[in-house]
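# Structural description and commentary
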Amino acid sequence: MKNSEVKPTWLFGYGSLIYKVDFPYLRSEQASITGWQRRFWQGSQDHRGTPEQPGRVVTLVPAAKVVCKGIAYLVENSVFDHLDHREKNGYQRLEIDIALLNEQQKVSGILYVADEHNPAYLGAARIRDIAAHIAGSHGPSGSNRDYVLQLAEALRDLGDMDPHVFKLESLLRSNNTLQTETARV
Ligand code: BEZ
């Protein structure tokens, strides 16, 4: 079956897909998923770091009852070819139930998640160490710091006061101490 013959699919964005929308979509809605939380535990060798010095980007980890807000996009299937390439550094598609805010209904959809089995995974660290790592990382898509600040801004607009992301934002905005720590991480 050709991509164009497959029904449009809901895609849930919780990270850069909220603010970097470089794909066409038919509809977008504020939305949420339950049972997952954001963590800057995924290494980035191709966007916010390099293979020699990977940055840290967001993924989701299971967390009972935690609600993660984001944006759901209704997309044609061909969009996944583009996104599979954009997110090729460890992310895989996962089927998920998505609650659409305005329609008060659940739909089945797809999100991208990078779990601990991918080779670029970095895993947990102390929040100050994660912030120091991010403060010193850059890649072809820009600085790792800007990735966090843009995400925090987008989450503020959505009303998702994610403690992990906002702690990183606050550490990065007062980054005098982080710069000295970067040399030691
Ligand atoms: C997202 O915004 O949903 C997303 C974040 C990281 C990788 C892929 C997708």
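Below is a short write-up of the structure.

The rules behind each value
- Residues numbered from 1 in each chain as written.
- Predicted model: local features only at pLDDT ≥ 70, side-chain atom pairs only at ≥ 80, totals over all residues.
- Heavy atoms only, no water.
- Salt bridge = Lys/Arg side-chain N within 4 Å of Asp/Glu carboxyl O.
- Helix = DSSP H or I, 4+ residues; strand = E, 2+ residues; numbered from the N terminus.
- Buried < 20%, exposed > 50% of the residue type's maximum accessible area, 1.4 Å probe, protein only.
- Near = heavy atom within 4 Å.
- Polar contact = N/O pair within 3.5 Å; in protein donor to acceptor, adjacent residues only side chain to side chain.
- Areas by Shrake-Rupley, 256 points an atom, 1.4 Å probe, with all protein chains shown as cover.
- Contact = heavy atoms within 4.5 Å.
- 1 Å grid on protein atoms, 1.4 Å probe; cavity = no way out; pocket = protein on both sides within 12 Å on 5 of 7 lines; lining within 4 Å.
- Points joined across faces, edges and corners; volume = space filled by probe spheres on them.
- Nonpolar A, V, L, I, M, F, W, Y, C, P; charged D, E, K, R; others polar.
- Phe/Tyr/Trp six-rings, centres within 6.5 Å; stacked < 30°, edge-to-face > 60°.

Okay, the pattern of salt bridges next. Pairing of side chains with opposite charge becomes possible as their charged atoms draw close. Enumeration according to the criterion identifies nine salt bridges in this entry. Put simply, Asp162 and Arg38 hold a salt bridge, and the shortest N to O gap is 2.9 Å. Remark: Arg38 occurs in strand β2 (residues 27-44) and Asp162 occurs in the loop between α4 (144-158) and α5 (163-173); sequence separation between them is 124 residues. With its nearest N and O atoms 2.6 Å apart, the salt bridge here joins Asp84 to Arg93. Arg93 gets classed as partly exposed once you look at its relative accessible area, which sits at 40%.

Near the ligand the following residues occur: Phe12, Gly13, Tyr14, Gly15, Ser16, Leu17, Val58, Glu87, Tyr91 and Tyr112. Within the backbone of Tyr14, a nitrogen or oxygen atom sits 3.0 Å from an oxygen atom of the ligand. In this structure, Leu17 approaches the ligand through a main-chain N or O atom, which is 2.8 Å from an oxygen atom. Alone, the ligand offers 260 Å² of accessible surface; in the complex the protein occludes 99% of this. Looking at the shell around the ligand, the elements with two or more residues in it are β1 (9-13) and α1 (16-19).

This brings us to the side chain of Ser44. Along the chain, the position of Ser44 falls in strand β2. Only 2.9 Å separates the side chain of Ser44 from the backbone nitrogen of Arg48, close enough to count as a polar contact. Among all residues touching Ser44, those that are not within four sequence positions of it are Gly49, Thr50, Pro54, Gly55, Val57 and Asn89.

Glancing now at empty space enclosed by the protein. Enumeration according to the criterion identifies one cavity of 30 Å³ or more in this entry. Each pocket or cavity is described by its volume, and for the largest cavity that value is around 290 Å³. Ser16, Arg86, Glu87, Tyr91 and Tyr147 are, among the 22 residues lining the largest cavity, the residues nearest its centre. Those elements that place two or more of their residues in the lining of the largest cavity are β1, α1, β2 and β3 (55-75). Residue composition of the lining of the largest cavity, grouped by class: eight nonpolar, eight polar and six charged.

It is worth spelling out unusual backbone geometry at this point. Within the chain, Lys65 stands out as a residue other than glycine whose phi angle is a positive 70 degrees. Its place among the elements puts Lys65 in strand β3. In the Ramachandran plot, Gln104 falls in the positive-phi region, its phi being about 45 degrees despite a non-glycine side chain. Counting through the fold element by element, Gln104 comes out in the loop between β4 (92-100) and β5 (105-113).

Below, the discussion takes up the side chain of Glu29. When you line up the elements, Glu29 lands in strand β2. You can call Glu29 buried: its relative accessible area is 13%. Side-chain polar atoms of Glu29 contact the side chain of Arg27, separated by 3.1 Å. Not counting the four nearest positions on each side in its chain, Glu29 is found in contact with Trp10, Gly70, Ile71, Ala72, Leu100, Asn102 and Glu103.

The next point concerns the packing of aromatic side chains. With the rule as written, the count across this model stands at four aromatic pairs. Measuring from centroid to centroid gives 5.7 Å for Phe40 and Tyr147, while their planes differ by 90 degrees, and the two rings are edge-to-face. Of this pair, Phe40 sits in strand β2 while Tyr147 sits in helix α4, and the two are 107 residues apart along the sequence. Note on Phe40: relative accessible area 0%, which makes it buried. Joined through ring pairs, the aromatic side chains of Phe23, Tyr25 and Tyr73 make up one cluster.

Right, let's get into the environment of Asp97. Within the secondary structure, Asp97 sits in strand β4. What Asp97 contacts, discounting residues up to four positions off in sequence, is Ser32, Ile33, Lys106, Val107 and Ser108.

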